[in-house]
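So you can see what is in the structure, the chains are spelled out below.
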Amino acid sequence: MSRYQDAKEMYAKIGVDTDKAIETLKLVPVALHCWQGDDVRGFDQKVDSLSGGIQTTGNYPGRATTPEELMADIDTVLKLCPGTKKLNLHACYAIFDDENGGWVDRDKIEPKHFKKWVDFCKERGLGCDFNPTFFSHPMCDPLTLASPNEKTRKFWIDHGKACIRISQYLAEELGQPCVMNIWTGDGFKDIPADRMGPRVRYRESIDEILSEPYDFNKVKPCVESKVFGIGVEAYTVGSAEFSLSYAAANMGKCIPLMDNGHYHPTEVVSDKIPALLAFFPEIALHITRPIRWDSDHVVLLDDETKEICKEIVRCDGLDGRVKIALDYFDASINRISAWTVGFRNVQKALLSALLTPDMTEMQNENRWTELMVRAEELKTMPFGDVWNEYCKKCGAPADGEWFETVEKYEKDVLSKRGN
């Protein structure tokens, strides 16, 4: 008997069908963020550093510097990860060439600047999510949608509207809904004299962006909050209260997006998932790993990642109610490995959640002793054998079988890029 068959029987004794868990997870889309491959630089601006509360640290060799290099790197990751994938693009990854008229600024980008990404996704059966890029640009003053400067606001509102049109294009071309996430780093380094004014302007700017026509069944605009960032330590315009209130007031036009790095250190997004799903038909998540703040470290199979995925499963979020994406970037280690580790860990956490029996009855009957015992016993179940079977059925390498591919890719490809 194989190790998987042994594991299957052990899980069956506690009421869990491992085959069903595997088949369920195979269909759950998780969006892979393109910006891990080039340290969030993109292709539309000649910038040496990031701005707007974002920072990538490290100078590991092999960063992608062209669309072709980034696509090749993403291809490698796709082969190393099991499950259903989507791509997640930022607007700064527009591709300009003579075929589409050359470079334009962010307020003028069009669907044609993402045609090569659409072709890439079609060839691989991927859907695609999208993000306006409200940072690392000369028109940050340093504010964007909340700026008191009307010219600045108009530029960024036009950028947001262009991104709505691009998101509609992505959804229609690829036949899958496109989650379009609105996040800005707008805020102040020190204590402001006016807290209300920027938030009113921010609200009005988002209203204008969402006035651009789109099909809500195809385009899912999101409003993402943040507690603070580099250079905006004292005040963030798009706080959790602002973003959640905006989404609640505009239900049917946008949905809330929670990034688990965008809260105070003692807050956990896992607890917020059922709270939001009690009111919102749909929510979106960016899964990352904060260390004391939104540091966007590579996702590990840690307690909060597992709890987030438990709540997604418990709240029936796998039916499309919860849109899952990754959001981290580490330039201090091999970027392909960082991508792969994070994606596989989210898949592991989802599978672990699917392998957890329903213990609600114990809670409702106040059988807390038994609940604790059963929950702790789950931690020594043969999860790894089920995970390896899942990888096998997805045609992806099991643990211990993929890192050599990354090392070879680094030797043959990354090391020759000269950066």
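### Concerning the nonpolar core
- In this structure, Ile74, Trp117, Phe130 and Leu285 are the most contacted members of the largest nonpolar core, which totals 125 residues.
- If one sorts the elements of this core by residue count, helix α5 (residues 150–174) sits on top with 11 residues.
- Non-local contacts of Leu285, meaning those with residues more than four positions away in its chain, are made with Leu257, Met258, Val269, Ile273, Ile308, Ile312, Val322, Lys323, Ile324 and Ala325.

### So, the layout of surface pockets
- Here the largest pocket defines a volume of roughly 980 Å³.
- Lining the largest pocket we find 25 residues, and of these Lys310, Arg314, Thr356, Met359 and Leu378 sit closest to its centre.
- Taken together, the elements giving at least two residues each to the lining of the largest pocket come down to α9 (303–314), α10 (335–354), α11 (360–364) and α12 (368–377).
- The dominant element in the lining of the largest pocket, judged by the number of residues it contributes, is α9, at six residues.
- Residues belonging to the lining of the largest pocket are distributed by class as follows: 13 nonpolar, four polar and eight charged.
- Put simply, the second largest pocket is a space of about 360 Å³.
- Forming the walls of the second largest pocket are 26 residues, and the residues nearest its centre are Pro29, Lys86, Val322, Lys323 and Ile324.
- For the lining of the second largest pocket, the secondary-structure elements that each account for two or more residues are β1 (29–33), β2 (84–90), β3 (127–131), β4 (178–182), β9 (283–287) and β10 (322–326).

### Topic: empty space enclosed by the protein
- Scanning all chains against the criterion turns up three cavities of 30 Å³ or more.
- Taken as a whole, the largest cavity encloses approximately 240 Å³ of empty space.
- Residue lining of the largest cavity: 22 residues in total, with Ile54, Trp183, Asp296, Asp327 and Phe329 positioned closest to the centre.
- Grouping the amino acids of the lining of the largest cavity by side-chain chemistry returns eight nonpolar, eight polar and six charged.
- Forming the boundary of the second largest cavity are Gly37, Tyr60, Pro61, Gly62, Asp73, Asn334, Arg335, Ile336, Trp339 and Leu414.
- Here the lining of the second largest cavity takes three residues from α10, the largest share from any one element.
- Tallied by class, the residues present in the lining of the second largest cavity amount to five nonpolar, three polar and two charged.

Rules and cut-offs
Residues numbered from 1 in each chain as written. Predicted model: local features only at pLDDT ≥ 70, side-chain atom pairs only at ≥ 80, totals over all residues. Heavy atoms only, no water. Core = buried A, V, L, I, M, F, W, Y, C linked by side-chain atoms within 4.5 Å. Buried < 20%, exposed > 50% of the residue type's maximum accessible area, 1.4 Å probe, protein only. Helix = DSSP H or I, 4+ residues; strand = E, 2+ residues; numbered from the N terminus. Contact = heavy atoms within 4.5 Å. 1 Å grid on protein atoms, 1.4 Å probe; cavity = no way out; pocket = protein on both sides within 12 Å on 5 of 7 lines; lining within 4 Å. Points joined across faces, edges and corners; volume = space filled by probe spheres on them. Nonpolar A, V, L, I, M, F, W, Y, C, P; charged D, E, K, R; others polar.

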